[in-house]
Number of protein chains: 2
Amino acid sequence: MRSVVRCPAINRQSLLSALVLLLCLSALLLPISAPAQTPPLPGGLLPSWNDGSAKQAIFDFVRATIDRSNPNYVSPEDRVAVFDQDGTLWVEHPMYTQVVYCLERVPAVVAKRPELKNVEPFKTLLSGNSEAMAKLSMPDLEKILAATLTGMTVEDFNAEAKNWLEAAKHPRWDRLYTELVYQPMLEVLRYLRDNAYKTYIVTGGGQDFVRVYAEKVYGIPPEQVVGTAGGTKFGYAKDGKPFLTKEAKLLLNDNNAGKPEGIHLMIGRRPYAAFGNSTGDRQMLEWTGAGSGARLKMLVLHDDAAREYAYGPAQGLPDSRVGSFTPALYDEAKKRGWTVISMKNDWRRIFAFE
Amino acid sequence: MRSVVRCPAINRQSLLSALVLLLCLSALLLPISAPAQTPPLPGGLLPSWNDGSAKQAIFDFVRATIDRSNPNYVSPEDRVAVFDQDGTLWVEHPMYTQVVYCLERVPAVVAKRPELKNVEPFKTLLSGNSEAMAKLSMPDLEKILAATLTGMTVEDFNAEAKNWLEAAKHPRWDRLYTELVYQPMLEVLRYLRDNAYKTYIVTGGGQDFVRVYAEKVYGIPPEQVVGTAGGTKFGYAKDGKPFLTKEAKLLLNDNNAGKPEGIHLMIGRRPYAAFGNSTGDRQMLEWTGAGSGARLKMLVLHDDAAREYAYGPAQGLPDSRVGSFTPALYDEAKKRGWTVISMKNDWRRIFAFE
């Protein structure tokens, strides 16, 4: 059934909006393997970055905040850096990976609950009729998200997501989604951690979904993944053993204003560095920038259609979609002195496999 | 006005129940001072513990889980230990410290909002009439909690709580509340951290309140404090500077089943060690114990009226209050092999100032 999803004719804007509603994604309670072991950096620090103002801004920030004699010195326990995920750490086109996951899970869900086979929107999704699929509404998508992300134990969700991530491939590169992480950003994560920064993901995507692979892929442990989160319900099996079930109850919508609110809830410190790529990250960068001393605020601009994608102001078009880099955001970045990272000019290499 | 609270005639059971509803406690976004520097331990490990099965259980657990050749070895990134706070890390009698805080804040709140002066329950609370105060209802208490814990910025709340904690004293010992932490538990926290365990507080008390002092008092940073948490609302001041306001919206009631649910939300790993003292910790200990391998589950029994307090099964009385150590909990501990810590017999010293 994977082909159902490979060529999604479903309206992308609706899907992008739908992700905002992802409430119930799930959980990593199984032990994860040890953090990714990356080989020593060749060619000095940030080797996948070209020289330029973006690379320099990162260096300047780190050097200032780790130098005890600098007025902008930050004590190690306060060194917090936050990263959006989709479009900032890995590819978000043509569709958020987690939305692909939800759509591809439908056949398995229907197999377990055959009564859904003739119920919309599952019927349409299973039909493979792309014209009909394009007409799926927001309530339809919400039903799909609820059916694929809630109602199971956190362990079951974790195992399902892990299995999928180990097999599903991106249509353009024919590679695992977890291979489509930006090598320059992996280097920034590592450079910050080497300087005692605690690195967090703060994503509109599902907290439980991202936790499944964040430690292995980014070296970020589950407790440092903040995302859109749903409630769980504690209960007992017949043998008395307790378990947690994922519920369709939204606790944190970690987009827009929800990002600083989520940072307060889950971290309780204002970040010193924030990386994003869209309007959904605006408030997080504003909140970071409103602190005293040196604060690093960076936005990834997707302007490289040849090596990745070009969208937002790189195309010179207004773009009002959720999660997009609008001209207004670009203006705010210039006004507030945020650093825009041009994928085309600032990144020598985009993926590790190149 | 402090005397209003010093001799509270308010029904303690109601107050205990009320704490469950603490939603909106607030935030530590100001940088905290460096983690507490404790001097080297005299007399070996856990010097404030008497030899016995409780001390031995801690040693056995740590030795097994850090020894690579042991079948119960736990890799460092999975070493998570969780601690209830009230009654487990510090004194909870005659009233939860945070409830005292809320009651004592009333005069300051009324000074800022004089219209409350003639409105119940504020009028009664300001009267000092202990008979009338004893009749305050749950909705009254909820109004007090909402007025004292919400509606301000996270920075303002933090500053108010910090100021109070630096001055308010416990009526029995005439010492700061933050001095009434159990020295044997500080030693356990340190011993676990020295062996690469990440120590968390998982409290029914307010996450934002506890974060104000947890780093200084327990060496536990704000991001490792999980508690009852309310929402915040992101907004902008007239000058465009963003701020977060504490809202009266409950996100996590971190008691009973809410404890494992909160652990899932905020940590995303099952703990290997859990410490509690009441029925509110039952599900957290069950959740911890349901994991594979060695898991340490401990309950502090308050059986030392001379040095601290005696309540719960130590008095041989049924006790159905929220947050109490009931005979049923005592039975479950025996049945499941949890270790009960007798304050009287297992602790050589209770407070650092002794």
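In this text the structure is predicted, and so the values were computed from the model without any measurement.

This brings us to the sheet that holds strand E1 (residues 80-83) of chain B. Residues and elements named next belong to chain B. Spatially, E6-E5-E4-E1-E7-E8-E9 is the arrangement adopted by the seven strands of the open sheet, whose pairing is mixed. Two strands bound the open sheet, and with one partner strand each, they are strand E6 (242-252) and strand E9 (339-342). With strand direction ignored, the average angle separating the axes of adjacent strands in the sheet is 35°. Note that E1 and strand E4 (residues 198-206) share four bridges and pair parallel. The partner of Phe 83 across the bridge, within E4, is Ile 201. Across the sheet, helix H12 (residues 282-289) lies against E1, E4, strand E7 (273-276) and strand E8 (296-301), angled at about 165° from E7, the strand it touches most.

With that settled, consider the packing of helix H4 (residues 97-112) of chain B against helix H7 (residues 138-149) of chain B. All names here are of chain B. Two numbers describe how H4 lies on H7: the axes approach to 9 Å, and their chain directions differ by 70°. Put simply, H4 runs roughly perpendicular to H7. Between H4 and H7, the residues in contact are Gln 98, Tyr 101, Cys 102, Leu 103, Arg 105, Val 106 and Val 109 and Ile 144, Leu 145, Ala 147, Thr 148 and Leu 149, respectively. For the contact of H4 with H7, the class distribution of residues is nine nonpolar, two polar and one charged.

Mapped onto the secondary structure, His 302 of chain B falls in the loop between E8 and helix H13 (327-336). A distance of 2.9 Å separates polar atoms of two side chains, one belonging to His 302 of chain B and the other to Glu 308 of chain B.

Quick look at the relation of the copies chain B and chain A now. With an axial shift of 0.0 Å and an RMSD of 0.0 Å, the rotation relating chain B to chain A amounts to 180°. As the rotation angle and translation indicate, the two copies are arranged about a two-fold axis. Looking at chain B, 100% of its interface residues are interface residues in chain A too, so the copies touch through the same face.

Bringing the packing of aromatic side chains into the picture now. All names here are of chain A. Scanning the entire structure with this criterion turns up 36 aromatic pairs over all chains. Seen from their ring centres, Phe 59 and Tyr 191 are 5.6 Å apart, and the 90° between their planes marks the pair as edge-to-face. Taken together, the residues Phe 59 in helix H3 (residues 53-66) and Tyr 191 in helix H9 (residues 183-194) connect sequence positions 132 residues apart. Accessibility expressed as a relative area gives 7% for Tyr 191, which makes it buried. Each ring, one from Phe 61 and one from Tyr 197, has its centre 5.6 Å from the other, and the planes form 45°; the classification is tilted. On the criterion of sequence distance, the pair formed by Phe 61 in helix H3 and Tyr 197 in the loop between H9 and strand E4 (198-206) is long-range, its members being 136 residues apart. For the pair formed by Phe 61 and Tyr 197, the shared burial category is buried.

Moving on: the interface of chain B and chain A. The interface of chain B with chain A comprises 49 residues on the first partner and 49 residues on the second. Carbon and sulfur atoms supply 53% of the area that chain B and chain A bury against each other, a total of about 4000 Å² over both sides. Across the chain B-chain A interface, the total number found is eight salt bridges. For the pair chain B and chain A, the number of links is 24 residue pairs in polar contact (both at pLDDT 80 or more). Within the residue set of the side of chain B that touches chain A, elements represented by two or more residues are helix H8 (154-165), E4, helix H10 (207-218), strand E5 (225-236), E6, helix H11 (258-266) and H12 of chain B. Here the residues of the side of chain B that touches chain A are counted per class, giving 25 nonpolar, eight polar and 16 charged.

So, about unusual backbone geometry. Residues and elements named next belong to chain A. With an omega of 0°, the peptide bond between His 93 and Pro 94 qualifies as cis. Considering the arrangement of structural elements, one finds Pro 94 in the loop between strand E1 (80-83) and helix H4 (97-112). Look at the link from Glu 120 to Pro 121: it is a cis peptide, with omega at 5°. Examined against the element boundaries, Pro 121 turns out to sit in the loop between H4 and helix H5 (122-127). Its identity as a non-glycine residue notwithstanding, Ala 196 has a phi of 70°, on the positive side. With respect to the secondary-structure elements, Ala 196 resides in the loop between H9 and E4. Backbone geometry places Asn 256, a non-glycine residue, at a positive phi of 55°.

Parameters and conventions
- Residues numbered from 1 in each chain as written.
- Chains lettered and ligands numbered in written order.
- Predicted model: local features only at pLDDT ≥ 70, side-chain atom pairs only at ≥ 80, totals over all residues.
- Heavy atoms only, no water.
- Pairing = 2+ DSSP bridges.
- Helix = DSSP H or I, 4+ residues; strand = E, 2+ residues; numbered from the N terminus.
- Axes fitted to C-alpha atoms, helices over the stretch in contact; angles between N-to-C directions.
- Contact = heavy atoms within 4.5 Å.
- Parallel < 35°, antiparallel > 145°, perpendicular 65-115°, else oblique.
- Nonpolar A, V, L, I, M, F, W, Y, C, P; charged D, E, K, R; others polar.
- Polar contact = N/O pair within 3.5 Å; in protein donor to acceptor, adjacent residues only side chain to side chain.
- Least-squares fit on C-alpha atoms with pLDDT ≥ 70 in both.
- Phe/Tyr/Trp six-rings, centres within 6.5 Å; stacked < 30°, edge-to-face > 60°.
- Buried < 20%, exposed > 50% of the residue type's maximum accessible area, 1.4 Å probe, protein only.
- Buried area = accessible area lost by both parts, 1.4 Å probe.
- Salt bridge = Lys/Arg side-chain N within 4 Å of Asp/Glu carboxyl O.

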